[in-house]
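Examining the three-dimensional arrangement
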Amino acid sequence: MTRVLVAPDKFKGSLTAAEVAAALADGITAGDPSWSVTTAPVADGGDGTVAAAVAAGWTPVPVATTGPTGRPVTALYARRGPTAVVELASAVGLVSLAAGELDPLGASTFGLGTVIGHALDEGAREIIVGVGGSASTDGGAGMLQALGVRIIDAAGNEVGLGGAALRQAVRIDLGGLHPAARTASFQLACDVDNPLLGPRGATAVYAPQKGATAVHLVILEEAMTRWAQLLHVATGRDDSQVPGAGAAGGTAFAAMSVLGATTRPGIETVLNLIDFRRKLAETDIVITGEGSLDAQSLHGKAPVGVAAAAREVGVPVIAVAGRSSLRDVQLRDAGIVRAYTLAELEPDTQTSMVNAADLLRRIGRTIAESADLATTSR
């Protein structure tokens, strides 16, 4: 009997990670019913992180909060004992906005702070935050405001939400910070090494993806510079040039400076949450994948992280993707013995995305019926 672990990320714009895993599992079982299939959807710290934890048995907790532009949304976090897994993307991420709704100057992380506050109120004392997919550049100010921090202007009033409003700030009052936030442990699932400020900072590199024009970039960099100066005064720390502080529009900066957060690569965080390495001990072949395997996949994306973990214990890995631009040598160097793509079955991208589940079932069946792949199992 061949034991296979199906651990893909989402196929963005087409299927969730759980749907990808289910389709592949259906195809494998149809191809060879003797194969024992376990599914373990993964993510890289962005959207899908909470879903991966829930699929692994964590308890989902819905929270009424606000999206990046203030619209009411419901976000999920995952809970197991004293630990909560919070996903920035589900509360204040780009995935919640249409193209015409982008608000580079006013978008805020306030809704993320609301979710964190709920988890703290419910007794969580270890908070893991997936910070991928941010829609704002507010330096994490909104998150802190939701947790009780006051950001004051020259007239003694609290400034509004969003990055641009921070240009009016003159003082930060940490006195109202949620009491549990002072002692809780915070870990960020973070895959970037950008600082908060400068040519590689949160504004310069990521704000254009959130709708910022050249004029907006000047405003936001001024705002982030002031924000960094004020937090330095309030905390005695200057994390503005720390690698990773620019993650999620500077959310990581605020989490580091005020909440004492540490960082860990996104896929490593998720693999730990779902107890992936224990599952590997009972596995002969791993099947992973994502919508596009490309050069970016080699730098912290989920399939390569899965392959690295499997290679540590000698388990072969097969990748499945919508398309792949990686050469065979790149795949092998990443620990992937073979890759299948939906594009091989359906070259038209739009048709492939619409019919992704059926195509994945076909690939799953092909994998199970390939005797040469079965012989790679240990």
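Above this text sits the structure in question.
Here we summarise the structure given alongside this text. (Residues numbered from 1 in each chain as written. Predicted model: local features only at pLDDT ≥ 70, side-chain atom pairs only at ≥ 80, totals over all residues. Heavy atoms only, no water.)

Read from one edge of the open sheet, five strands run 2-1-11-12-13, paired in parallel fashion. The open sheet has two free edges, formed respectively by strand 2 (36-39) and strand 13 (336-341), since each of these has just one partner strand. Mean inter-strand twist for the sheet, computed between neighbouring axes without regard to direction, equals 25 degrees. Relative to strand 13, strand 12 (residues 317-324) runs parallel, the two sharing five bridges. Bridging from a neighbouring strand, Ala319 pairs with Ala339 of strand 13. Helix 11 (residues 302-312) contacts strand 11 (285-293), strand 12 and strand 13 of the sheet and is inclined by roughly 160 degrees relative to strand 11. (Pairing = 2+ DSSP bridges. Helix = DSSP H or I, 4+ residues; strand = E, 2+ residues; numbered from the N terminus. Axes fitted to C-alpha atoms, helices over the stretch in contact; angles between N-to-C directions. Contact = heavy atoms within 4.5 Å.)

Next up on the list: the pattern of salt bridges. Counted according to the given criterion, the structure contains 16 salt bridges. With a closest N to O distance of 3.0 Å, Asp239 and Arg237 form a salt bridge. Overall, the relative accessible area of 7% leaves Asp239 in the buried class. For the salt bridge of Arg278 with Asp275, the shortest nitrogen-to-oxygen distance reads 2.7 Å. Here the salt bridges share partners, and the residues they tie into one network are Asp9, Lys10 and Asp47. (Salt bridge = Lys/Arg side-chain N within 4 Å of Asp/Glu carboxyl O. Buried < 20%, exposed > 50% of the residue type's maximum accessible area, 1.4 Å probe, protein only.)

Within the secondary structure layout, His178 lies in the loop between strand 8 (169-173) and strand 9 (185-189). A polar atom in the side chain of His178 sits 2.7 Å from the side chain of Asp121. When residues no more than four places from it in sequence are discounted, the contact partners of His178 are Gly117, Leu120, Asp121 and Leu147. (Polar contact = N/O pair within 3.5 Å; in protein donor to acceptor, adjacent residues only side chain to side chain.)

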